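Each chain, letter by letter, is given below.
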Amino acid sequence: MAAGRLRDVIVEGSPAIRCRNCGSPLGLVFCDLGMQPLANAYLAEDQLGLPEAYYPLRPMVCEECCLVQLPRLVAPDTLFAQDYAYFSGQSEQWVEHCREFASEKDRLTGGNLLEIASNDGTLLREFARNKWQILGVEPAENVSWFAQLHGAPTLTAFFGIELAGRLRASNYAPHLVVATNVMAHVPDLDDFLGGVRIMLEPTGLVAFEFPLLGELIKGGHWDTIYHEHFSYFSVTTAVDALERRGMRVVDLKPLDVHGGSVRVTACADRAGYARQPIVDTWLQAEQDRGMTDPAYLAEFAESPAVEKVAALEALTKARRDGPIVGYGAAAKGSTFLNFCGVGPEMISAVVDSTPAKQGHYIPGAHIPIIRPEEFERTSPSSVLVLPWNWADEISAKVWKVAPDAQILHRPFA
Ligand code: JHZ
């Protein structure tokens, strides 16, 4: 798995780092989570005694366009192209979300669907069930192979202008392009959105899903900040990024996944789709709330430290009562554990259903990841659910095995 190497460090535009959306210099800090390892760089046992690469985790706010972002310190190849450990189909609630998306009224017509960063093919298979001709693009070789073996045709590649040009040259024209939880992972918005724009000509639609910055701030979701998430969008900054690159947002839908997300639908700027009133209502609401004010965004800076104190208090108290086991070795769990400085002395193991994570260790925190079958023998008195976004689904599993265990998850403050 990608453990990160010093030669991967690329500081963009140093000394003045510039906004990847509008090019303005960046100087305002959103929050500072210190030095952290790569959240998805799970360690094998023989890597535990070796040096581990740590990178600053300090997102900035653009004072011009308000995009919250991390500078590109790690090459996307290191983050995504090797053994990627995240398989989206591991959560039943996510599978259900994909099923609902593919079954919406507008989707029942069928057509060509292109999914960018299609991961293990979970969403593609749901669309295929509704008679869509599916094609995925996924850079992580291991995940792409999994998708192909499970009925989702997938190109193993990063998506951008070059690939879009090749697809177009082969006369491939999708009716719908989908990119769920992808925008955050893109260091070069010009290349990525430029490629999407090429695919939309003349009447295609694109649906981007992403967790909302407003929900991150409201819910204190600082643990969703890690190096693979280069940008943290509001509807305002997403609309701005798309409009700057020849697209027009025509619709949006709030979604109850990953702590509060949105699906934004856009088309090429000259296509004749009418803009639904909800888009402007939402933009106005974000403005009223302060989301277009950099000073308001920077007020978030205190939130992680406040919660760290409360989390350590709660965990210390629980640890006095008996063993604590974690559930769900999510990337956000790596940020949480490393920022709080929690290791195996506090959490003896973390249960996870993903085969690619089992037998490995949480980066930095060095807590072993075990299979669900091993959960019972840990006899936990408390269970810390790291992916709080799937707390209901995981709690139901915990109660079956350890009905008396106390369940803990953030927010702790
Ligand atoms: P989960 C991911 O973040 C990765 P992560 C990515 N970077 C992204 O952008 C966001 O999602 C949106 C396990 N689990 O989904 C599976 C169980 O073991 O919160 C996962 O390892 N049993 C692309 O990694 C982890 O928990 C279960 O019953 O923070 C969940 O990770 C369930 C429900 C999950 O995403």
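Keep in mind that this is a model prediction, so the values were computed, not measured.

### Some thoughts on the overall build of the protein
Phase 1: From N to C terminus, the protein includes 13 helices and 18 strands.
Phase 2: Rg of the C-alpha trace for the protein: 21 Å, near the compact-globule value of 22 Å for 413 residues, within the 12% margin.
Phase 3: Taken along the three principal axes of its C-alpha coordinates, the protein extends 65 × 45 × 40 Å.
Phase 4: By residue count, 57% of the 413 residues in the protein fall in the buried class.
Phase 5: Summarising the internal contacts of the protein: among those between residues at least 6 apart in sequence, 71% fall at separations of at least 24.
Phase 6: Counting only carbon and sulfur atoms, one obtains 53% of the accessible surface of the protein, whose full area is about 17100 Å².
Phase 7: For the protein, the distance from the average site of its 35 positive side-chain charges to the average site of its 51 negative ones is 3 Å.

### Structural notes on the pattern of salt bridges
Phase 1: This structure, assessed with the given rule, holds 22 salt bridges.
Phase 2: We note a salt bridge from Glu-374 to Arg-377, for which the minimum N-O separation is 3.2 Å.
Phase 3: The shortest N-O distance in the salt bridge between Lys-397 and Glu-393 comes to 3.9 Å. In this pair, Lys-397 and Glu-393 both sit in helix 13 (residues 391-401), four residues apart, roughly one turn of the helix.
Phase 4: The exposure class assigned to Glu-393 is buried, which follows from its relative accessible area of 12%.
Phase 5: Salt bridges linked by common partners bring Glu-104, Arg-107, Glu-209, Lys-253 and Arg-263 together as one network.

### What about the environment of Glu-393?
Phase 1: Taking the C-alpha atoms as reference, Glu-393 lies 8.1 Å from Ser-91; in sequence the two are 302 residues apart.
Phase 2: Residues within four places of Glu-393 in sequence aside, it is in contact with Gln-90, Ser-91, Glu-92 and Gln-93.
Phase 3: A polar atom in the side chain of Glu-393 sits 3.2 Å from the side chain of Ser-91.

The rules we used
Residues numbered from 1 in each chain as written. Predicted model: local features only at pLDDT ≥ 70, side-chain atom pairs only at ≥ 80, totals over all residues. Heavy atoms only, no water. Helix = DSSP H or I, 4+ residues; strand = E, 2+ residues; numbered from the N terminus. Rg over C-alpha atoms; globule rule 2.2 N^0.38 Å. Buried < 20%, exposed > 50% of the residue type's maximum accessible area, 1.4 Å probe, protein only. Contact = heavy atoms within 4.5 Å. Areas by Shrake-Rupley, 256 points an atom, 1.4 Å probe, with all protein chains shown as cover. Lys, Arg positive; Asp, Glu negative; His and termini not counted. Charge placed at Lys NZ, Arg CZ, Asp CG, Glu CD. Salt bridge = Lys/Arg side-chain N within 4 Å of Asp/Glu carboxyl O. Polar contact = N/O pair within 3.5 Å; in protein donor to acceptor, adjacent residues only side chain to side chain.

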